[in-house]
Amino acid sequence: MIIKQIIGKTVKALRIKQGLSQEDLAHECDVDRSYISMIEVGRNEPSVTKIFDLCKGLKIQPSDFFKLIEIEYDKTREKG
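In the annotation of an unreviewed UniProt entry, the protein chain is listed under the name Helix-turn-helix domain-containing protein and assigned to Paenibacillus oenotherae.

Undergrad: Would you explain the overall build of the protein chain in this entry?
TA: Secondary structure assignment for the protein chain yields five helices and zero strands. Secondary structure elements of the protein chain occur, N-terminal to C-terminal, as α-α-α-α-α. For 80 residues, the compact-globule estimate of 2.2 N^0.38 gives 12 Å, and the protein chain sits close to it at 12 Å. Out of the 80 residues in the protein chain, the part that is buried amounts to 35%. A sequence separation of at least 24 residues applies to 60% of the contacts in the protein chain between residues at least 6 apart. As displayed, the protein chain offers around 5,200 Å² of accessible surface, 50% of which is attributable to carbon and sulfur atoms.

Undergrad: Just to check I follow, could you spell out the pattern of salt bridges for this structure?
TA: Pairs can form between side chains of opposite charge once their charged atoms are near each other. Scanning all chains against the criterion turns up six salt bridges. With a closest N to O distance of 3.1 Å, Lys9 and Glu72 form a salt bridge. Note that Lys9 is positioned in helix 1 (residues 3–17) and Glu72 in helix 5 (residues 62–79), a separation of 63 residues in sequence. Residue Asp74 is joined to Arg77 by a salt bridge in which the shortest nitrogen-to-oxygen separation is 4.0 Å. Of this pair, Asp74 and Arg77 both sit in helix 5, three residues apart, roughly one helical turn.

Undergrad: Can you help me understand the UniProt feature "domain: HTH cro/C1-type" (unreviewed entry) in the protein chain in this one?
TA: When the UniProt feature table is mapped onto this chain numbering, "domain: HTH cro/C1-type" (unreviewed entry) sits at residues 11–65. End-to-end, the C-alpha atoms of residues 11–65 are 9 Å apart, and along that stretch the chain is 69% helix and 0% strand.

Undergrad: How should I be thinking about the side chain of Glu40 in this particular structure?
TA: Tracing the backbone shows Glu40 in helix 3 (residues 33–40). Reaching out from Glu40, the side chain makes a polar contact with the side chain of Gln22 at a distance of 2.8 Å. In this structure, Glu40 is in contact with Gly8, Lys9, Val11, Lys12, Arg15 and Gln22, ignoring residues within four places of it in sequence.

Procedures and definitions
Residues numbered from 1 in each chain as written. Predicted model: local features only at pLDDT ≥ 70, side-chain atom pairs only at ≥ 80, totals over all residues. Heavy atoms only, no water. Helix = DSSP H or I, 4+ residues; strand = E, 2+ residues; numbered from the N terminus. Rg over C-alpha atoms; globule rule 2.2 N^0.38 Å. Buried < 20%, exposed > 50% of the residue type's maximum accessible area, 1.4 Å probe, protein only. Contact = heavy atoms within 4.5 Å. Areas by Shrake-Rupley, 256 points an atom, 1.4 Å probe, with all protein chains shown as cover. Salt bridge = Lys/Arg side-chain N within 4 Å of Asp/Glu carboxyl O. UniProt positions renumbered as here; feature names shortened; annotations may be inferred. Polar contact = N/O pair within 3.5 Å; in protein donor to acceptor, adjacent residues only side chain to side chain.

So, in structure tokens, the structure goes:
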């Protein structure tokens, strides 16, 4: 699994945990719903600026978000 897929999986999990639709998150981040969808399926890799916007919409600190990404990345590397 590559980083953009991990980011997408994490964004989707956090969004669902928050009870937000893609439309809700898109509104919070001032982007189109299709952009959120593309991130979640791993077809689009958000910039650092957009990650900060996503974190604001998901009510998570960017440092915590990146820690979640790191944990998932380490898991995939261990599977080899």
